[in-house]
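# Residue-level structure breakdown
As a plain string of letters, each chain reads:
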Amino acid sequence: MKRKIEIEIDEFSGTEELNNKDSELIEYSMKAAENAYSPYSNFSVGVALRLKSGKIVCGSNRENAAFPSGSCAEDTAISYASAAHPDDPIVSMAISAKKNQNFTTYPVSPCGNCRQIIAEEEDRHGKKIKIILYGSEKIEVINGISSLLPLRFSKDKLKG
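All of the points below concern the structure found in this document. Everything numeric here is computed off the predicted structure, so don't read it as measured data.

Parameters and conventions
Residues numbered from 1 in each chain as written. Predicted model: local features only at pLDDT ≥ 70, side-chain atom pairs only at ≥ 80, totals over all residues. Heavy atoms only, no water. Helix = DSSP H or I, 4+ residues; strand = E, 2+ residues; numbered from the N terminus. Expected span 1.5 Å × (residues − 1). Buried < 20%, exposed > 50% of the residue type's maximum accessible area, 1.4 Å probe, protein only. Polar contact = N/O pair within 3.5 Å; in protein donor to acceptor, adjacent residues only side chain to side chain. Core = buried A, V, L, I, M, F, W, Y, C linked by side-chain atoms within 4.5 Å. Contact = heavy atoms within 4.5 Å. Pairing = 2+ DSSP bridges.

Let us look at helix α1 (residues 20-34). The end-to-end C-alpha separation of α1 is 21 Å, in line with the 21 Å expected for 15 residues at 1.5 Å each. Of the positions making up α1, those classed as buried are Asp 22, Ser 23, Leu 25, Ile 26, Ser 29, Ala 32 and Ala 33. Capping the start of α1, Asn 19 holds a side-chain oxygen 3.1 Å from the backbone nitrogen of Lys 21, two or three residues further along.

This part takes up the nonpolar core. If you look at the biggest cluster of nonpolar residues, it comprises 22 residues, and the most contacted ones within it are Val 47, Leu 49, Met 93, Ile 95, Ile 118, Ile 131 and Ile 145. For this core, the elements supplying multiple residues, two or more each, are β2 (43-51), α2 (73-84), β4 (90-99), α3 (112-125) and β6 (130-134). Residues within four places of Ile 118 in sequence aside, it is in contact with Ile 78, Met 93, Pro 110, Ile 129, Ile 131 and Ile 145.

Glancing now at the pairing of β2. With respect to burial, β2 is a largely interior element, eight of its nine residues being buried. Note: β2 against strand β3 (residues 56-60), five bridges, orientation antiparallel. Within the sheet, the bridge partner assigned to Gly 46 lies in β3 and is Ser 60. With antiparallel pairing between neighbouring strands as the criterion, β2 and β3 make up a hairpin whose turn holds four residues, including Gly 54 at a positive phi of roughly 100 degrees.

Take it as geometry only, folks, not as evidence of what the structure does.
Listed below in structure tokens is the structure:
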């Protein structure tokens, strides 16, 4: 038996094609990337989360000489949002990345660990999170983590 898994991603060529809230979230993620601490890789990632209340929470990656002791931007932002606003679920998130001084041409998606963290947040609040991946030549918009992590591990797997 074979199963076919399909994903759906909306692609845009610039922020002018997005609604104002999504464009604003990208701007916040770009500012967050500017605040990253990435002296070893020179790869800076910024994330902006829009909470249900409308609040925006940002995070950036933090590298550490004692690799792999750093933290990803997605994990940083989600952890802060969960701690500071536990009952205010994430509605959407934008991710931007820079290599050296330039934003990446094409979108950069979350690492596997961060995909699992996003999945847990969706499960926790019972709602999909819109994920906006920014690149200077292409923007990808994904409705929920299942398109990035189709065979994810979840709490129902713990039942055996």
